[in-house]
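What the coordinates show
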Amino acid sequence: MLTLGDLERVAPALLPHRSATARPVDWQVLRTDLGITFPADYREYVDHYPALSYDDFMMIVVPEPGDESGYLRGAFETLGMMARLAERDMTENYTFHPHPGGLFPWGESNEGDLFFWRLDGPDPDRWPAVVHTSNGDWWEHEGGLVSLMVGLIDGSVEHRGLPPEPGPDPTVDLMVSATDSQG
């Protein structure tokens, strides 16, 4: 299993954004409201990094300390949108959380690509990543979030239906919310 250190190795531009101490995300609130425990690689990522953009293309969606409800609203909005697509048979037979084995979102691109975990079994560290590209491709990666990110960046995972970003040595920038940019 790959670790956050592996991601930092292939994306060294992450390091200036790393928090020296764990960011105080209330994981218990998220676990209670969602009924899931997040994979360890994601919790470690969130503990050290805010919302970031890779190559100005892909974002890992993270809860912000003190605004876990904002994260939940975004997740439920994505799940609702995907459930409507599933009702129209547009999701390759994937279902979405809270259905057993359903998908739960963890990332997105600025071109409408979505990245999920398939909540397959009781061990979140074994949940595969699922990619839904904006051109309708669906595919799975057995290694989870960090493994998929490392593979996309170092080229060991094919960018099926995705542009070449994030690519080798990606730029990494803070995501700026609409309210932050208006101030």
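Below, the structure is looked at part by part. It should be emphasised that the depicted structure is a prediction, and the values quoted were computed from it without experimental measurement.

Turning our attention to the sheet that holds strand S4 (residues 114-118). If you walk across this open sheet you meet the seven strands as S6-S5-S4-S3-S2-S1-S7, and the pairing is antiparallel. The open sheet is flanked by strand S6 (138-141) and strand S7 (172-174), the only strands paired with a single partner. Between one strand and the next, the sheet's axes are offset by a mean angle of 30 degrees, whatever the strand orientation. Taken together, the five bridges between strand S3 (residues 103-109) and S4 define a ladder with antiparallel strand orientation. If you follow Pro 105 over to S4, its bridge partner there is Phe 116. Contacts from helix H4 (residues 68-87) reach S3, S4, strand S5 (129-132) and S6, with the element oriented near 100 degrees to S3.

This next bit is on the pairing of S4. Look at any regular strand and the pattern is simple: side chains alternate between the two faces of the sheet. Burial analysis of S4 places five of its five residues in the buried class, the great majority of the element. The hairpin formed by S3 and S4 contains four residues between the paired strands, and Gly 112 there has a positive phi angle of roughly 95 degrees. Two elements, S4 and S5, share four bridges in a ladder whose sense is antiparallel. Counterpart to Phe 115 in the pairing with S5 is Val 131.

Time to look at the side chain of His 141. As for its position among the elements, His 141 is in strand S6. For His 141, a relative accessible area of 15% corresponds to the buried category. Ignoring any residue separated from it by four or fewer positions in sequence, one finds His 141 in contact with Pro 128, Ala 129, Ser 147, Leu 148 and Val 157.

Here His 97 and Pro 98 are connected by a cis peptide whose omega angle stands at 20 degrees. Relative to the helices and strands, Pro 98 resides in the loop between H4 and S3. Cis geometry marks the peptide bond from Glu 165 to Pro 166; its omega dihedral reads -10 degrees. Among the structural elements, Pro 166 can be located in the loop between helix H5 (144-154) and S7. The backbone of Asp 56 sits at a positive phi, close to 50 degrees, despite the residue not being glycine. Although it is not a glycine, Asn 93 sits at a positive phi angle of roughly 70 degrees.

Parameters and conventions
Residues numbered from 1 in each chain as written. Predicted model: local features only at pLDDT ≥ 70, side-chain atom pairs only at ≥ 80, totals over all residues. Heavy atoms only, no water. Pairing = 2+ DSSP bridges. Helix = DSSP H or I, 4+ residues; strand = E, 2+ residues; numbered from the N terminus. Axes fitted to C-alpha atoms, helices over the stretch in contact; angles between N-to-C directions. Contact = heavy atoms within 4.5 Å. Buried < 20%, exposed > 50% of the residue type's maximum accessible area, 1.4 Å probe, protein only.

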